[in-house]
Each structure stands twice: as C-alpha cells, then as structure tokens.
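Chain by chain, the residues:
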Amino acid sequence: MDAVRIIAASRRGLAQANTVQDVIVEAWQAQALAEAIGSHIAIFGPYEVRSRARGLGDAGGRFSGGLLCPVSATGGLRAAQLSEVRDVKAALTGLCLLLREVCEALVNVVCSADEEGMYWTCVEAMDTADESRDRVTGILEKLELRDRDPA
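Everything numeric here is computed off the predicted structure, so don't read it as measured data.

(A) A look at the pattern of salt bridges. With the rule as written, the count across this model stands at 10 salt bridges. A salt bridge links Arg11 to Glu101, with the shortest nitrogen-to-oxygen separation between them at 2.6 Å. Highlighted residues: Arg11 in helix α1 (residues 3-15) and Glu101 in helix α5 (residues 88-112), separated in sequence by 90 residues. The exposure class of Arg11 is partly exposed, given its relative accessible area of 31%. The class for Glu101 is buried, based on a relative accessible area of 19%. A salt bridge links Lys89 to Asp147, with the nearest nitrogen and oxygen atoms 2.2 Å apart.

And the structure:
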C-alpha cells in the first residue's frame, strides 16, 4: 500500500482516538510509519536524501511505547502494509502533519495524565515524534533545494 494512503488512515485513527491508550497506540503507529517510510526512502528514494532518510528510519524506531500496545489489540501495524512511496514529497508532507497532530494529541494526554508512568511515556513519544518531524522537514528542505538547482 502507498505511504500516502497509510498516512491518511493514521490521521483518521488519531482523530478517532478517544482514550489515553488509543492516543498512545496512534503515536506508536505514527512512529512505526516514520520508521518504515524513512527506511523505504533510504533504499529506494532520491539519492540526495537517502542518508537523511536512514536517520528518519532510526529516529522512528526509538519510541518504546509499542511495548505498551500489544499488536493484537491494535489490529496490527499499519506500517507493515507499506509497499511503496509513489510521491516522496506528498508522503513526507503528510507524515510531517501526522507527527505534528500526534504531538498535539500527546500534549492533551500529558496535561491529564494521572500516573507518572503514563506521563513519561507521553513525553518520550512527544520527543520522538518531534525528532522525526525535524528529520522529515530536513529531507523536504533538501528535496526543495535539489528541485531549485537546475544543475
């Protein structure tokens, strides 16, 4: 499945997240997707951004919130369905938006966290999503520079 479709499904999932656990699951899904897209672009993407994409793949894999979310309870990883990234810029732009929305949802959870463990899980997820978003932005900037330079 194309990255843009999976990102759209993830954004819908996040929008429908009604509980703290649902938000954590969606944050985990988004990070797994960042890892998968980064890894895919590192292998198949434009040469100029492959090393940066590898960094995105590494950053996306750092969130350990998946340990709190058994795959059977989440319906599986959406990122596992990734088979192609047809439009790299559209996928990265959508991923950047998804990661921003994840951070916003996690801020709401942090503000209402009853237990310290959940608080720190959300803070870790926000840090990881923010790092991934920074890496996506860097890749998009590099692509923009490449497209402007007619060399």
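From this point, things continue past the structure.
(B) Expanded view of α1. A rise of 1.5 Å per residue sets the reference length of α1, with its 13 residues, at 18 Å; its end C-alpha atoms lie 18 Å apart and thus fit the reference within 8%. Three or more residues of α1 are buried, namely Ala3, Ile6, Ile7, Ser10, Gly13 and Leu14. All buried residues of α1 fall inside an arc of 120° around its axis, so they share one side. Looking at α1, the residues exposed on the side facing more than 90 degrees away from the buried face are Arg5 and Ala15. Looking at the packing, one finds that the buried side of α1 touches α2 (20-44) and α5.

(C) Main features of the packing of α2 against α5. The contact between α2 and α5 brings their axes to 10 Å, and the two run at 155°. In terms of axis orientation, α2 runs roughly antiparallel to α5. Helix-helix and strand crossings are classified by hand; for α2 and α5 the assignment is left-handed. Contact residues: α2 offers Val20, Val23, Ile24, Glu26, Ala27, Ala30, Gln31, Leu33, Ala34, Ile37 and Ile41, while α5 offers Val88, Leu92, Leu95, Leu98, Leu99, Val102, Ala105, Leu106 and Val109. Class assignment for the residues of the contact of α2 with α5 results in 18 nonpolar, one polar and one charged.

Conventions adopted
Residues numbered from 1 in each chain as written. Predicted model: local features only at pLDDT ≥ 70, side-chain atom pairs only at ≥ 80, totals over all residues. Heavy atoms only, no water. Salt bridge = Lys/Arg side-chain N within 4 Å of Asp/Glu carboxyl O. Helix = DSSP H or I, 4+ residues; strand = E, 2+ residues; numbered from the N terminus. Buried < 20%, exposed > 50% of the residue type's maximum accessible area, 1.4 Å probe, protein only. Expected span 1.5 Å × (residues − 1). Arc of directions from axis to C-beta. Contact = heavy atoms within 4.5 Å. Axes fitted to C-alpha atoms, helices over the stretch in contact; angles between N-to-C directions. Parallel < 35°, antiparallel > 145°, perpendicular 65-115°, else oblique. Left-handed = near helix turned anticlockwise from the far one by under 90°. Nonpolar A, V, L, I, M, F, W, Y, C, P; charged D, E, K, R; others polar.

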